[in-house]
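Structural characterization, general
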2 protein chains.
Amino acid sequence: MAHESVDITEKLSLFSDHWSPKVVARLNDYEIKVVKVKGEFVWHTHDDTDELFIVVAGDLTIQLRDGDVRLSPGQLFVVPRGVEHCPIADGEVHALLIEPTGSLTLATQVAHRPPASTTHRRDSRRCPTFRMPILQC
Amino acid sequence: MAHESVDITEKLSLFSDHWSPKVVARLNDYEIKVVKVKGEFVWHTHDDTDELFIVVAGDLTIQLRDGDVRLSPGQLFVVPRGVEHCPIADGEVHALLIEPTGSLTLATQVAHRPPASTTHRRDSRRCPTFRMPILQC
């Protein structure tokens, strides 16, 4: 069996769409994904899992109801389960995401995105968790 | 509640010992650890979990019985459960490790290290998993 490393930057070079994580490896029942994001996402909550962000390039802000967390390359943050959050990036950000297999991803959340708003949504969306197919990057 | 990012390089600057991972964040029932390694470890197997390595600095080789995996900064590899492996680094390597809370860590494996050998061990050690205290970095 051949074993190969995963080059994060190389995987990120293979796509250009935003808010659409690609699975690059699996760790037990978790998926390691690369993602490019730009602009503001939607306020949402994962009721049954934490979510790990590791920023590779660019500056990402994860808005929380009680303050923002700013992430530069080489910094990470775990959004605790049940905590409403909304990522936002002025420029393009490249990041790693690690979360349980089947967690609702950013891409799917965009597909179900509520009407656009230029201000923070005060009514949170409760994002269910279900299994979804993701092409291996 | 204050939310703070984790700066990986800053955490790595807080210690100098090798093969002694420090927990810097938690993701559900997993721990995100930073570690410095240098030299050769011991051949061992995790029977009940995969193990994720993400290299931050330096060049790490993960020896496997059927070939080596070489990791440079920005590269990752998941050692599948049940696969015997032995990390080795000529120079110092800084890395992130992600594995389930309570997994037997590198530090403990060193504490139970078998007699030194300059060649690969053909008799594998089967590392049990148990909970161990790790100081937050």
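Parameters at a glance
Residues numbered from 1 in each chain as written. Chains lettered and ligands numbered in written order. Predicted model: local features only at pLDDT ≥ 70, side-chain atom pairs only at ≥ 80, totals over all residues. Helix = DSSP H or I, 4+ residues; strand = E, 2+ residues; numbered from the N terminus. Buried ≥ 20, exposed ≤ 12 C-beta atoms within 10 Å, placed from the backbone. Contact = placed C-beta atoms within 7 Å. Core = buried A, V, L, I, M, F, W, Y, C linked by C-beta atoms within 7 Å. Least-squares fit on C-alpha atoms with pLDDT ≥ 70 in both. pLDDT = per-residue confidence, 0-100. Pairing = 2+ DSSP bridges.

A count of helices and strands for chain A gives 2 helices and 10 strands. Expressed as a percentage of the 137 residues in chain A, the buried residues total 37%. Sequence-distant contacts in chain A: of pairs separated by 6 or more residues, those separated by 24 or more amount to 71%.

Taken together, the 28 residues of chain B in the interface contact 28 residues of chain A. Those elements that place two or more of their residues in the side of chain B that touches chain A are strand S1 (6-7), helix H1 (8-12), strand S2 (22-27), strand S7 (67-71) and strand S8 (75-79) of chain B.

It is worth spelling out the environment of Val24(A) at this point. All names here are of chain A. Note that Val 24 resides in strand S2 (residues 22-27). Judged by local crowding, Val 24 falls into the buried class, with 21 C-beta atoms found within 10 Å. C-alpha separation for the pair Val 24 and Asp 59, spaced 35 residues apart in sequence, amounts to 22 Å.

Okay, unusual backbone geometry next. Trans is the prevailing form of peptide bonds, just as negative phi is the prevailing case for residues other than glycine. Residues and elements named next belong to chain A. Backbone geometry at Trp 19 places phi at a positive 60°, although glycine is not the residue there. Checked against the element boundaries, Trp 19 lands in the loop between helix H1 (8-12) and S2. Given 20 C-beta atoms within a 10 Å radius, Trp 19 is considered buried.

In this structure, Phe53(A), Ala95(A), Phe53(B) and Ala95(B) are the most contacted members of the largest nonpolar core, which totals 61 residues. When residues no more than four places from it in sequence are discounted, the contact partners of Ala95(A) are Val35(A), Val37(A), Phe53(A), Ile54(A), Val55(A), Val56(A) and Leu60(A).

Quick look at the relation of the copies chain B and chain A now. Of the transformation placing chain B onto chain A, the axial shift is 0.0 Å and the rotation is 180°, giving an RMSD of 0.0 Å. These values place the two chain copies in the arrangement generated by a two-fold rotation axis.

Moving on, we come to the environment of Ile88(A). Residues and elements named next belong to chain A. With respect to the helices, strands and loops of the structure, Ile 88 is situated in strand S9 (residues 85-100). What makes Ile 88 partly exposed here is the crowd of 16 C-beta atoms within 10 Å. Beyond its immediate sequence surroundings of up to four residues, Ile 88 is in contact with Glu 40, Phe 41, Thr 61 and Gln 63.

Turning to the confidence of the model for chain A, a few remarks are in order. Residues and elements named next belong to chain A. Averaged over chain A, the pLDDT score is 82; the fraction of residues at 70 or greater is 74%. Of the regions scoring below 50 in pLDDT, residues 110-137 engages in 45 contacts with residues more than four places distant in sequence or in other chains. For this predicted complex, the interface confidence score (ipTM) comes to 0.80, while the overall pTM stands at 0.81.

All names here are of chain B. Direction of pairing for strand S6 (residues 60-64) relative to S7: antiparallel, over a ladder of 5 bridges. Each bridged residue has a counterpart across the sheet, and for Leu 64 the counterpart in S7 is Gly 67. Taken together, S6 and the strand that follows it, S7, pair antiparallel across an intervening segment of 2 residues.

So, about the pairing of strand S5 (residues 51-57) of chain B. All names here are of chain B. In terms of burial, S5 is a largely internal element, 5 of the 7 residues being buried. As paired elements, S5 and S8 share 4 bridges and run antiparallel to each other. Following the sheet pairing, Phe 53 is matched in S8 by Phe 77. Taken together, the 5 bridges between S5 and strand S9 (residues 85-100) define a ladder with antiparallel strand orientation. Within S9, the position partnered with Val 55 by the bridge is Ala 95.

This next bit is on the environment of Phe41(A). Looking at where Phe41(A) falls in the secondary structure, it is placed in the loop between strand S3 (30-40) and strand S4 (44-46). On a C-alpha basis, the gap between Phe41(A) and Leu96(A) in space is 16 Å, while along the polypeptide they are 55 residues apart.

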